[in-house]
Structure formats: C-alpha cells, structure tokens
Amino acid sequence: MRAPDTAVDQACPRESFVVSLLQWLSLVRMIALDLAGMAKLLERSLFVATVAERIDRYFIELDWTFERIDDTLWRTSFPGDLQVHDVFVSADEPGWVSFRSPVCTQVPEQAKPALYERLLRLNALIPMTKFCVMEGGAVFAMIDLPTAELDYSEFRTAVQTLVNHADAHDNEIYQLCGMSAA
C-alpha cells in the first residue's frame, strides 16, 4: 500500500481510492492463492491423519494390543491353533484400508495346483476374507474396505472376520502344502 499524499489525494480522491482498492484486491488475491494451496496440503494430510486416528481409536476400543509402525501401517497379532498370526492394517492407498494376515510363507512347487484351486474355492465360499498369493509366493488372508464411511463396527468385523477365517483355514492350507502343524 502506498503512503497517502494529501495534495494528490485532495486533488484526485477518486483515482487515489481506485489505486488503493486495486492494491488491496491484489493482496487479497495473493492471500487467497496461498490459502488454496495450503488447503490442498491440509486436505491430503487430513485424510491420512483422520483415517490413522480412527484406526488407532478402533484398536483401543477393541482393547487389542497393536503397534503403529508408521502413519499408514499397524501390526497386531492373535494366537491361533497352529501359530500366532500377524495382522497388518494399512491405509496407504487413498480411500482404502487393507487387513492382511500371512497364513503360509512357503508353498512347495508341487503343492501349488491343489492349493491354488482350494484358495479359489474358499474365495467363492467365504464372505469378506479373500486368500491371495503374494509376489514372493506366501499365502495371505485379506480384507479391503473403503475408508470413507469406515466406522468402529466395520473395523471390528473386518479384524475379527480376518482372524477367524485365517485360523479356520490355516490347517487345511498347511496340509495342502505338505507341512505339519507348528
């Protein structure tokens, strides 16, 4: 903003007002652009923070021990009849939360056809939980849910369903792989 010049201001009050108004509008525009940029950054970080805070709160409400590995990854575990199952919860894909539990880490080559057929049949039969073969060949049980409306009951249902299905089917998966119970 310019300093007032009383001689000019008195001679041309309208021009002085227009110049001041244009300077003020320019300043407002710069602030608006800064705020828009900050809003976009806040929106991105708020999405992750909001989902992360909800997941923390849901684990606490479940009274389930967990470890928050980073802003988008949690680890917990539960004792099964054969093994202690790790469960990983991740919110690293925008709009989705994934629940994963490794069931079997080593699948012998000769066991793959029968195992893969059984996993496909299980996927068609059981609700929510799907069994998948990861890049390294390990078999995981998994559930993916959208985060937009994720509430405590959906979170609880996903965790409980995943651990129940992983534990219910790990015996059969181990058998198909020619492995004995741990």
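For the structure itself, consult the block above.
Residues numbered from 1 in each chain as written. Predicted model: local features only at pLDDT ≥ 70, side-chain atom pairs only at ≥ 80, totals over all residues. Heavy atoms only, no water.

**Brief notes about the overall build of the protein chain**
To keep things clear, this is the line we draw: Here a helix means four or more residues in a row that DSSP labels H or I, a strand means two or more in a row labelled E, and each is numbered from the N terminus. The contact rule is simple, with two residues in contact once any of their heavy atoms fall within 4.5 Å. In these tables, accessible area is a Shrake-Rupley quantity obtained with a 1.4 Å probe, and a residue counts as shielded only by the protein chains included in the view.
For the protein chain, the helix and strand inventory stands at four helices and six strands. Overall, the protein chain shows an N-to-C arrangement of helices and strands of α-α-β-β-β-β-α-β-β-α. Pairs at least 24 residues apart make up 54% of the contacts formed inside the protein chain by residues separated by at least 6 positions. For the protein chain, the exposed surface amounts to about 11400 Å²; the carbon and sulfur share of it is 59%.

**Some words on the pairing of strand E1 (residues 67-70)**
Keep this limit in mind: Two strands pair under a simple rule: DSSP has to find at least two bridges between them.
Pairing of E1 with strand E2 (residues 73-79) involves three bridges; the strand directions are antiparallel. By the bridge assignment for E2, aspartate 70 is matched with leucine 73. What sits between the antiparallel neighbours E1 and E2 is a turn of two residues.

**Thoughts on the packing of aromatic side chains**
Keep this limit in mind: Only centres within 6.5 Å qualify two rings of Phe, Tyr or Trp (six-membered ring in Trp) as a pair; their planes then separate them into stacked at under 30 degrees, edge-to-face at over 60, and tilted for everything else. Relative accessibility under 20% of the residue-type maximum defines a buried residue, over 50% an exposed one, and the middle range a partly exposed one, all with a 1.4 Å probe and only protein chains included.
Inspection of the entire model under this criterion finds five aromatic pairs. Ring centres of phenylalanine 59 and phenylalanine 66 lie 4.8 Å apart, and the angle between their planes is 15°; on these two criteria the pair is classed as stacked. Using a relative accessible area of 0% as the deciding quantity, one classes phenylalanine 59 as buried. Taken together, a centroid distance of 5.1 Å and an interplanar angle of 85° make the contact between phenylalanine 59 and phenylalanine 155 edge-to-face. Of the two residues, phenylalanine 59 is situated in helix H2 (residues 13-62) and phenylalanine 155 in helix H4 (residues 152-176); the sequence distance between them amounts to 96 residues. Through successive ring pairs, a cluster of aromatic residues spans Tyr58, Phe59, Phe66, Phe99, Tyr152 and Phe155.

**Some thoughts on the environment of tyrosine 116**
With respect to the helices and strands, the residue tyrosine 116 is situated in helix H3 (residues 112-125). Judged by its relative accessible area of 29%, tyrosine 116 falls in the partly exposed class.

**Quick word on the pairing of strand E3 (residues 84-90)**
Here seven bridges tie E2 to E3, and the two strands are oriented antiparallel to one another. Paired with phenylalanine 78 across the bridge in E3 is histidine 85. Between E3 and strand E4 (residues 96-104), which pair antiparallel one after the other, the connecting turn spans five residues, and glycine 95 there sits at a positive phi close to 90°.

**What about the environment of isoleucine 143?**
Among the structural elements, isoleucine 143 can be located in strand E6 (residues 139-146). Residue classification places isoleucine 143 among the buried positions, given a relative accessible area of 2%. In this structure, the C-alpha to C-alpha distance between isoleucine 143 and serine 101, residues 42 residues apart in sequence, is 9.3 Å. In contact with isoleucine 143, other than residues within four places in its own chain, are Val97, Ser98, Phe99, Arg100, Met128, Thr129, Ala158, Thr161 and Leu162.

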